[in-house]
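Fold and geometry: a report
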Amino acid sequence: MGLQPHLVRRSEEVRAGVLYFWRINQMFGGGQLAGAPGVGLAVAQHLSAFDVSMGAALWPRPETMQFYQDKIALRDLFTRIGVPAPKSW
């Protein structure tokens, strides 16, 4: 297809008018937060450094990262907005 990826490791590398698709897993930060509560929030804070006011955009939106590996927070969100869920025992 002839596409060249633009990899970004620091916020200074962000280009105006570009939609960045990001992927971060639990090994973010050298794995120091792997499996720890709050890993999603830490990643969301990290991604907020990539200032979208420069005309770039991030997808998925960084604020959704707060639910990464936090099933309780995600369940609370679903309950709050009325997403149906099966009863568990």
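Each chain has its residues counted from 1, running along the sequence as written. Per-residue local features of the predicted model are confined to residues with pLDDT of at least 70, and side-chain atom pairs are confined, for both listing and counting, to 80 or more; whole-chain, interface and lining totals are unaffected and use all residues. Hydrogens and water molecules were not included; the side-chain quantities draw on all heavy atoms of the structure.

1. Focus on the pattern of salt bridges
How we decide: The term salt bridge refers to a pairing of a side-chain nitrogen on Lys or Arg with a carboxyl oxygen on Asp or Glu at a separation within 4 Å. Throughout, exposure labels follow a simple rule: accessible area from a 1.4 Å probe, protein chains only, divided by the maximum for the residue type, with under 20% read as buried, over 50% as exposed, and the rest as partly exposed.
Scanning the model with the defined rule gives two salt bridges in all. Among the salt bridges present, the one from Arg-61 reaches Glu-63, with a minimum N-O distance of 2.7 Å. The closest approach of N and O atoms between Arg-75 and Asp-76, which form a salt bridge, is 2.8 Å. With a relative accessible area of 49%, Arg-75 lands in the partly exposed category. Of the residues examined, Asp-76 reaches a relative accessible area of 34% and is grouped as partly exposed.

2. What about a nonpolar patch on the surface?
This is how it is decided: A patch is a set of surface residues, each over 30% in relative accessible area and not in a salt bridge, joined within 9 Å for like charges and within 5 Å for the nonpolar side chains Val, Leu, Ile, Met, Phe, Trp and Tyr. Note on areas: Shrake-Rupley, 1.4 Å probe, and residue coverage restricted to the protein chains presented here. The numbering of helices and of strands both runs from the N terminus, where a helix is a DSSP run of H or I of at least 4 residues and a strand a run of E of at least 2.
On the surface, Leu-19, Phe-21 and Trp-59 cluster together into a nonpolar patch covering about 370 Å² of accessible area. Note that Phe-21 resides in strand 1 (residues 19-21). Judged by its relative accessible area of 63%, Phe-21 is exposed.

Any functional reading would require information beyond the geometric quantities listed.
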